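For reference, the chains in residue letters:
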Amino acid sequence: MWHFYLPIAGNSVNVLLIFGLGGFVGLLSGIFGVGGGFLLTPLLIMFGIPPTVAAASDSNQIVGASTSGTVAHYRLGNVDFKMGILLLVGGILGGTFGVQIIKILRQTGNADFLITITYVVMLGVIGWYMFIESLQSLRRKDIAKAAPARESNYARFMKKLPWQTDFTKSGIRMSIILPLFFGTLVGILSAIMGVGGGFLMVPVMVYLLRMPMHVVVGTSLFQILFTCINVTFMQAYMNKTVDFVLAVILLLGSTLGAQIGSNLGKKLKGDQLKILLASLVLLVAVKMAFDLLLPPSIMLAYLGGH
Amino acid sequence: MLRKISLVLVFTLIGLICLPPGNDAAPLKLDLKPAEILIGTLYNGTTVSVTGEIPTTSDAVILLTGERGAVSLKKKGKALGLLWMNMGKVVLHNIPDVYLIYSSKSISDLSRSPEGTQMDLGLGFQSLEKQVTITSDAGEPEDNSELFAEFQKLKRSEDLYVSFENGVQFQPGDETFKQFSADIAIPPRLKKGQYEMTLFVIQDGAVIEKASRVLVVKEVGFPAFISFMAWEHSAIYGILAAAIAICAGLLMGFIFSKKVKK
């Protein structure tokens, strides 16, 4: 009862459980502008989906959730299309480059080790920085914020770059080189780590591109949508790992969750959103660190995934 | 006279050929219900009921297994003496994807000869371990027993490696034969393909007879259609998967925009 067979995963799953998982991840996606792959893929593996199928089908459902989230945020005026497209172009360039880097890394041997360590350290550092920063700004919300000296240097550097343009939705003016550069950087990192990169892109947009948090969420979802369309197609075409049945059950939940999440996010302040996302990222980092320190129950695992 | 003799000889020969075979040569009775497993949309594993007849003085082992091959897996190890992570790959050779073994007694009891010596029936996980070789990715030999035990854990967690000691039941029979039955639990992870259900008749620590039936597992309806599209038309499948996801997202956005307006 309530079980559906997944032909590509080669296993059956409880529909209500998968629908619920999709709903939960969609909710996070709508609130924070992340794809949620870093949460959903390990959970799907835990429920008996092969790692490669879990990652690919997750990308397919993110297409649905991020469409739903982008539409919701667009209605709220939170999508900076100009910025999103520039980040996307950079992301595609970086992704292509990152795939080549990973090939070289794999040849040198210790690739898995390097990737896992980089992933955990990055999650920890970003989570911690965001947490502290948003905690401080929540505490001094009434006091006018004085920009630290380091940041003003960075701001001066930003102003010196050529091809300055206005990003009206974000209310900022900067060179198009910056979103292209950071988009490429996130693209490289997410290709190496095998993740969508939402949790990297959000802090980059907040701290390095200095966009307002609500516009960050909407624009990140817009950018993730296109990245995941590309990943879904490539995985289906090259590796035949997209389980459409799994993706549909997930996205029925996640598209609904994304709508609810977008409306919930609207009620929260930028700093509150940041501190919640930081806590989530830190939680995942701690969980991964525990996995690294505790001996696994089974010493063998199927190929694919982290 | 010679003609009469040759006619008698010919009829005797024909008679001998046409005679029903004696009890010793009677084929073992073995029936599977169902003999074909159909994977439909709501499939979540099934039960195959195995019935038949064996000599009254013997025991039965039923084994469901498939073709053997090599499988590559990631091996976990300690990096820097502290962190558990994937440390290279290992390859298990001559390994079946599924091994469901149901018996009327434990395999070690069944493989004991009347003199009390342990014989190798070629059945069960201990025996399977001896038939498997494990190497590193580069082909160097690895610790068989340790890694096989881990592989068993992995497969047991998927219900694909199962041993059930009291899995075969007997009904009282006559002096020569008794009937047996076993309900084999087929896990949902058993892939489509062709498998072999074999009955081993065991007596005095040896296999005295065996019989096999083919068990076909195939997808039908929606799962079959999805598999066909994913494997045979992967480009269209990829585009459709993304397009349907976008439509679902837009539809949900549309429904919610109506709600918001209301």
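All figures in this text were calculated on a predicted structure; none of them were measured in a lab.

(A) Fine view of the overall build of chain A. Along the backbone of chain A there are eleven helices and five strands. At 19 Å, chain A has a C-alpha radius of gyration in line with the 19 Å of a compact globule built from 306 residues. Structurally, chain A occupies a C-alpha span of about 55 × 45 × 35 Å along its principal axes. For chain A, the share of sequence-separated contacts (at least 6 apart) that also reach a separation of at least 24 residues comes to 80%.

(B) Here's a closer look at the overall build of chain B. Each helix and strand counted, chain B has six helices and 13 strands in total. In chain B, buried positions account for 24% of the 262 residues. Across chain B, contacts joining residues at least 24 apart in sequence account for 66% of those joining residues at least 6 apart.

(C) Broad picture of the pairing of strand 11 (residues 177–186) of chain B. Residues and elements named next belong to chain B. The pairing of strand 3 (residues 46–55) with strand 11 spans ten bridges and is antiparallel. Each residue of the ladder has a partner; that of E53, found in strand 11, is Q179. Looking at chain direction, strand 10 (residues 169–171) and strand 11 are connected through three bridges and run antiparallel. By the bridge assignment for strand 11, Q171 is matched with Q179. Between strand 10 and strand 11, which pair antiparallel in sequence order, lie five residues.

(D) Local environment of the domain arrangement of chain B. Residues and elements named next belong to chain B. One can read the domain layout of chain B as domain 1 (23–218) and domain 2 (220–253). Each of domain 1 and domain 2 has a C-alpha centre, and these two points are 36 Å apart. Each partner contributes residues to the interface: domain 1 has five residues there, and domain 2 has four residues. Class assignment of the residues belonging to the side of domain 1 that touches domain 2 gives a composition of two nonpolar, two polar and one charged.

(E) View of the interface of chain A and chain B. At the junction of the two partners, chain A supplies 45 residues and chain B supplies 45 residues. Per element, the largest residue contribution to the side of chain A that touches chain B is ten residues, and it comes from helix 3 (residues 51–75) of chain A. Within the side of chain A that touches chain B, the residues separate by chemical class into 29 nonpolar, 13 polar and three charged. Pairing of strand 5 (residues 300–301) of chain A with strand 5 (residues 68–79) of chain B involves two bridges; the strand directions are antiparallel.

(F) Highlighting unusual backbone geometry. Here the bond from K33 of chain B into P34 of chain B is cis, since omega is 0°, no more than 30 degrees from zero. Of note, P34 of chain B is situated in the loop between strand 1 (29–33) and strand 2 (36–39). Positive phi, normally seen in glycine, also occurs at W163 of chain A, with a value near 55°. Counting through the fold element by element, W163 of chain A comes out in the loop between helix 6 (149–160) and strand 3 (164–167). The phi torsion at D204 of chain B lies on the positive side, around 50°, for a residue other than glycine.

(G) Layout of the confidence of the model for chain A. Across chain A, the average pLDDT comes to 86, with 94% of residues at 70 or higher. Taken element by element, the predicted model of chain A shows its lowest mean pLDDT in helix 6 of chain A (74) and its highest in strand 1 (residues 3–6) of chain A (95).

(H) Focus on the sheet that holds strand 5 of chain A. A sheet is described by the order of its strands in space; here four strands give the open sequence 5(A)-5(B)-6(B)-8(B), paired in antiparallel fashion. Strand pairing shows two members of the sheet lacking a second neighbour, strand 5 of chain A together with strand 8 (133–136) of chain B, which therefore form its edges.

(I) Structural detail: the packing of helix 2 (residues 37–46) of chain A against helix 3 of chain A. Residue and element names in this part refer to chain A. Remark: helix 2 packs on helix 3, axes separated minimally by 9 Å, with the N-to-C direction vectors making an angle of 135°. If you check the angle between helix 2 and helix 3, you find them oblique. By crossing handedness, the relation of helix 2 to helix 3 is classed as right-handed. Residues G37, L40, T41, L44 and I45 of helix 2 lie in contact with helix 3, whose contacting residues are P51, A54, A55, D58 and I62. Of the residues that constitute the contact of helix 2 with helix 3, the class distribution is seven nonpolar, two polar and one charged.

(J) Structural view of the pairing of strand 4 (residues 59–65) of chain B. All names here are of chain B. Burial within strand 4 is extensive, with five of its seven residues counted as buried. Pairing of strand 4 with strand 12 (residues 193–203), which is carried by seven bridges, proceeds in the antiparallel orientation. The residue of strand 12 that forms the bridge with T65 is E196. With five bridges joining them, strand 4 and strand 7 (residues 99–103) adopt antiparallel strand pairing. When the bridges of strand 7 are listed, V61 appears paired with S103.

(K) Structural detail: the packing of helix 5 (residues 111–139) of chain A against helix 11 (residues 270–293) of chain A. Residue and element names in this part refer to chain A. Following both chains from N to C, one finds helix 5 and helix 11 inclined at 150°, their axes separated by 8 Å at the closest point. Relative to helix 11, helix 5 is oriented roughly antiparallel. As for how helix 5 packs across helix 11, the hand of that crossing is left-handed.

(L) Geometry of the sheet that holds strand 7 of chain B. Residues and elements named next belong to chain B. Reading across the sheet, the six strands line up as 2-13-12-4-7-9 and stay open at both edges, with mixed pairing between neighbours. Both edges of this open sheet fall to strand 2 and strand 9 (161–164), since each of them pairs with a single strand only. Sheet twist, expressed as the mean angle between neighbouring strand axes with direction ignored, is 15°. The sheet contact formed by strand 2 and strand 13 (residues 206–219) spans four bridges and is parallel. Pairing of I37 across the sheet is with V217, part of strand 13.

(M) Region of interest: the environment of P141 of chain B. All names here are of chain B. With respect to the helices and strands, P141 occurs in the loop between strand 8 and helix 4 (144–157). What makes P141 exposed here is the crowd of 9 C-beta atoms within 10 Å. Residues P141 and I184 lie 43 residues apart in sequence; the distance between their C-alpha atoms is 35 Å.

(N) Examining the environment of G69 of chain A more closely. Residue and element names in this part refer to chain A. Tracing the backbone shows G69 in helix 3. Considering only alpha carbons, one finds G69 and Q136, 67 residues apart in sequence, at a separation of 29 Å. Those residues in contact with G69, other than ones at most four positions away along the chain, are S29, G30, L221, A258 and S262.

Rules and cut-offs
Residues numbered from 1 in each chain as written. Chains lettered and ligands numbered in written order. Predicted model: local features only at pLDDT ≥ 70, side-chain atom pairs only at ≥ 80, totals over all residues. Helix = DSSP H or I, 4+ residues; strand = E, 2+ residues; numbered from the N terminus. Rg over C-alpha atoms; globule rule 2.2 N^0.38 Å. Contact = placed C-beta atoms within 7 Å. Buried ≥ 20, exposed ≤ 12 C-beta atoms within 10 Å, placed from the backbone. Pairing = 2+ DSSP bridges. Domains from an automatic or database assignment. Nonpolar A, V, L, I, M, F, W, Y, C, P; charged D, E, K, R; others polar. pLDDT = per-residue confidence, 0-100. Axes fitted to C-alpha atoms, helices over the stretch in contact; angles between N-to-C directions. Parallel < 35°, antiparallel > 145°, perpendicular 65-115°, else oblique. Left-handed = near helix turned anticlockwise from the far one by under 90°.

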